[in-house]
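Survey of secondary and tertiary structure
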Amino acid sequence: MLDIKELYAELAEDNKAILKGVSLAIKPGEVHAVMGPNGAGKSTLGYVLAGREDYTVTTGNVTMDGQDLLEMDADARARAGLFLAFQYPVELPGVNVASFLRTCLNAKRAENGEEPMNAAVFLKLARAEMATLGMSDNFLQRFVNVGFSGGEKKRLEMLQMALLAPKYAILDETDSGLDIDALRIVAEGVNRVREKGTTGFLIITHYQRLLDYIKPDFVHVFADGKIVKSGGMEIAEALEKEGYSGVVAA
Amino acid sequence: MTMAETLLPAAENPFLDNDLARYLPAPKAETWRMSTVRPLKEAETAEIDRLQDIDIERILPVLQGDVLVMAGGKVTAGMGGVNEGLAASKTGGYAGVSYGYEADKRRRGELTPDKGTLPLAPLGQVADAWRGGEPDRVRVFCDKKCQLLHVVHVLPKRGAPISDLLDIEVADGGELTLIEHFVGLADSTAWMNAARHVRVATGGKLTHGVVQNLPFTALLTLTQGVMMADSADYSLQIIQNGACFARVESDIVCGAEVALDLQAVQHVKTGQTHDVTTRVRFNGPAPRASVTQRNLVEGGGLSVFQGKYHVAQAAQKTDAYMRCENLLLDDRAVVNQKPELEIYADDVKCSHGASTGGLSDEQLFYLKARGLPEEVARGLLVEAFMAAGRERMHDLMKEAT
């Protein structure tokens, strides 16, 4: 279980408080959606969990299957099974997708005491996943995210998630910048991982439309650095009708 | 009486006192430069090693295509079988390209040492004459589309300055990829003082590579004059890794409608100075011209980017840019860059730009968030920064074979 308890965090640069007491428990196989207005701190929650050094955790604790997440570096968290799909995936000029994916996969395999995956096996696995995401083979030779459209970047994030098979995945506004078709393909990618029942999801989004494709088990409303309301899909529907101010005030 | 004494009496030997400084460009003549020739002054002027006795295969890169080896500035036979035919007949070649060489026998009286500029070709020749052997001037001529030619320059253990002379001519209809490799014996403290004359005729295309992998103790000055006729196509790709001091300097004169592309990649570490200096004179419209450089610098290394475009009044509609990207891995790394534009035409597009910084925190976090340890992530980003230049060289070799 990914267990977040009374998490407070601030920007390291100016000590500005962003997270103000977040508590949330995500079990493997569960899908939790976090919705909230701009500036509420949703993306910060993702970054803090992933171990970004721009933030300082002031109080609270987070455990992942019993391990103290906050004591681990970002890379150790990832190898332990945490995955953050970036809202704005970063360009890596000079790093081609194939070697990047294989290096990441083998870093995780090394952590688990497994042999590195050879190129042939890796390519077969990657191509199979890419086909389901509607990605052509030539993606493998391109530099990571360089010259990618918004949709291509998000598909690459989903490809990484599928290959790394995390225990817990945080999807930070994965729906932003996607057209309807791309949204559906990305959502199907998430659903395929979800079907295995071993990954817990934290889906950060502004809009209900992604949740039409990925039906969450829980919906949380995030405002001013903490969760102010929790429930099921009815909350997402209410947000669509009444807006954040209406739901938060109710 | 030895051969060397015949050629140059000891009393007139300029290197007897081992004082190269007297012959190097004066500091005043170098004030415009961003690197200093001080390391050259300290180069040893000892006798050149006998490279024939060395197992050259151990240091030659593995290459596909025709290979010509110049060791210590001479075309030398008997090194693992390379050059056998060429050394015997003084000519060689294959479909579309021919090459030949002859000893440059000019004597001291015919030479006018130029203390103001590098290369010190005359000075080098005097030194070589004193040592009892003239440098070979290799000429490569191409008038058809032809295969890749590698020229490997081997630096001996000691000797300074060692002349290394190569003339390249690509005639109308000629298309040549020529890649020069600079390698040296381990711990070489020698200084190679190389000069190039390059001519690309109308309709000719030359793709020219320079791969400098000298030992960290060696020195290189490579100075070339390039003449591009109207509609000529010349691209130069430079990769510098080794040598404690390496300056690659090009003077390029362009006719009208030329295509010019110069790319350099330098990895500079503690104790090294790498300098790429380029001056381009556009005498006619040049719609496609670029000079770009990438510098990866660490420790107390110094990397230099110096470029100048001179656009003559007749060179209207010229479109040329210069760009330099620098990745500094620590606080002691230094980059000196000086782009210059001197424009006498009023309808041109010329620009220059530079970026300098360390590794991106965003990129590092992205990689760490995928499970890569800090040192692996840093290594991947550093390698990626250099990859663009290296891949282009790889592509050149692939395309040409």
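Report follows, based on the coordinates. (Residues numbered from 1 in each chain as written. Chains lettered and ligands numbered in written order. Predicted model: local features only at pLDDT ≥ 70, side-chain atom pairs only at ≥ 80, totals over all residues. Heavy atoms only, no water.)

Topic: the overall build of chain B
What chain B contains, in helices and strands, is six helices and 20 strands. Counting every atom, chain B has about 16000 Å² of accessible surface; 50% of that belongs to carbon and sulfur. (Helix = DSSP H or I, 4+ residues; strand = E, 2+ residues; numbered from the N terminus. Areas by Shrake-Rupley, 256 points an atom, 1.4 Å probe, with all protein chains shown as cover.)

What to know about the overall build of chain A
Regarding its fold elements, chain A presents eight helices and twelve strands. The C-alpha atoms of chain A give 18 Å as radius of gyration, which agrees with the globular expectation for 250 residues (18 Å, within 12%). For the C-alpha atoms alone, the extent of chain A along its principal axes is close to 55 × 40 × 35 Å. In chain A, which comprises 250 residues, the share counted as buried stands at 55%. Pairs at least 24 apart in sequence give 69% of the contacts found in chain A among residues at least 6 apart. Looking at chain A as shown, the accessible area adds up to about 10500 Å², and 50% of this sits on carbon and sulfur atoms. (Rg over C-alpha atoms; globule rule 2.2 N^0.38 Å. Buried < 20%, exposed > 50% of the residue type's maximum accessible area, 1.4 Å probe, protein only. Contact = heavy atoms within 4.5 Å.)

A look at helix 4 (residues 119–132) of chain A
Residue and element names in this part refer to chain A. In this model helix 4 runs 20 Å from its N-terminal to its C-terminal C-alpha over 14 residues, within 8% of the 20 Å that 1.5 Å per residue would give. Those residues of helix 4 that sit buried are Phe122, Ala126, Glu129 and Met130. Down the axis of helix 4, the buried side of the element spans an arc of 100 degrees, and every buried residue falls inside it. Within helix 4, the exposed residues directed more than 90 degrees away from the buried face are Ala120, Lys124 and Ala131. On the buried face of helix 4, the contacting elements are helix 3 (97–111) and helix 5 (150–164). Near the N-terminus of helix 4, the side chain that reaches the backbone nitrogen of Ala120, with its oxygen 3.1 Å away, is that of Asn118. Phi for Gly134, located one or two positions after helix 4, is positive at around 70 degrees. (Expected span 1.5 Å × (residues − 1). Arc of directions from axis to C-beta. Polar contact = N/O pair within 3.5 Å; in protein donor to acceptor, adjacent residues only side chain to side chain.)

Concerning the nonpolar core
Residues Leu7, Leu49, Leu92, Phe100, Met161, Leu171 and Phe201 of chain A are the most contacted members of the largest nonpolar core, which totals 93 residues. Beyond its immediate chain neighbours, meaning those up to four positions away, Leu171 of chain A contacts Ala85, Met158, Met161, Val190, Phe201, Leu202, Ile203 and Ile204 of chain A. Within the second largest apolar cluster, 58 residues are counted, among which are Ala246, Val248, Tyr309 and Val311 of chain B. (Core = buried A, V, L, I, M, F, W, Y, C linked by side-chain atoms within 4.5 Å.)

Notes on the environment of Arg102 of chain A
Residues and elements named next belong to chain A. Mapped onto the fold, Arg102 is located in helix 3. Through-space distance from the C-alpha of Arg102 to that of Leu123 is 8.8 Å; in sequence the pair is 21 residues apart. Once residues lying within four places of it in the same chain are set aside, the contact partners of Arg102 are Met117, Asn118, Ala119 and Phe122.

Quick notes on a negative patch on the surface
Residue and element names in this part refer to chain A. Together, Asp212, Glu234, Glu237 and Glu240 make up a region of like negative charge exposed at the surface. Broken down by element, the negative patch gets its largest block of residues, three residues, from helix 8 (residues 233–249). Positionally, Glu234 belongs in helix 8. (Patch = residues over 30% accessible without salt bridge, like charges linked within 9 Å, V, L, I, M, F, W, Y side chains within 5 Å. Salt bridge = Lys/Arg side-chain N within 4 Å of Asp/Glu carboxyl O. Lys, Arg positive; Asp, Glu negative; His and termini not counted. Charge placed at Lys NZ, Arg CZ, Asp CG, Glu CD.)

Brief notes about the packing of helix 3 of chain A against helix 4 of chain A
All names here are of chain A. The contact between helix 3 and helix 4 brings their axes to 11 Å, and the two run at 105 degrees. Judged on the interaxial angle alone, helix 4 and helix 3 are roughly perpendicular. The segment helix 3 lies against helix 4, with Ala98, Leu101, Arg102 and Leu105 engaging Ala119, Phe122 and Leu125. Per-class residue counts for the contact of helix 3 with helix 4 are six nonpolar, no polar and one charged. (Axes fitted to C-alpha atoms, helices over the stretch in contact; angles between N-to-C directions. Parallel < 35°, antiparallel > 145°, perpendicular 65-115°, else oblique. Nonpolar A, V, L, I, M, F, W, Y, C, P; charged D, E, K, R; others polar.)

As for the sheet that holds strand 4 (residues 55–64) of chain A
All names here are of chain A. Spatially, 2-1-4-5 is the arrangement adopted by the four strands of the open sheet, whose pairing is antiparallel. In this open sheet, the two edge strands, each paired with only one partner strand, are strand 2 (17–26) and strand 5 (67–68). The sheet contact formed by strand 1 (residues 2–11) and strand 2 spans seven bridges and is antiparallel. In the sheet register, Asp3 faces strand 2, and the bridge partner there is Ala25. (Pairing = 2+ DSSP bridges.)

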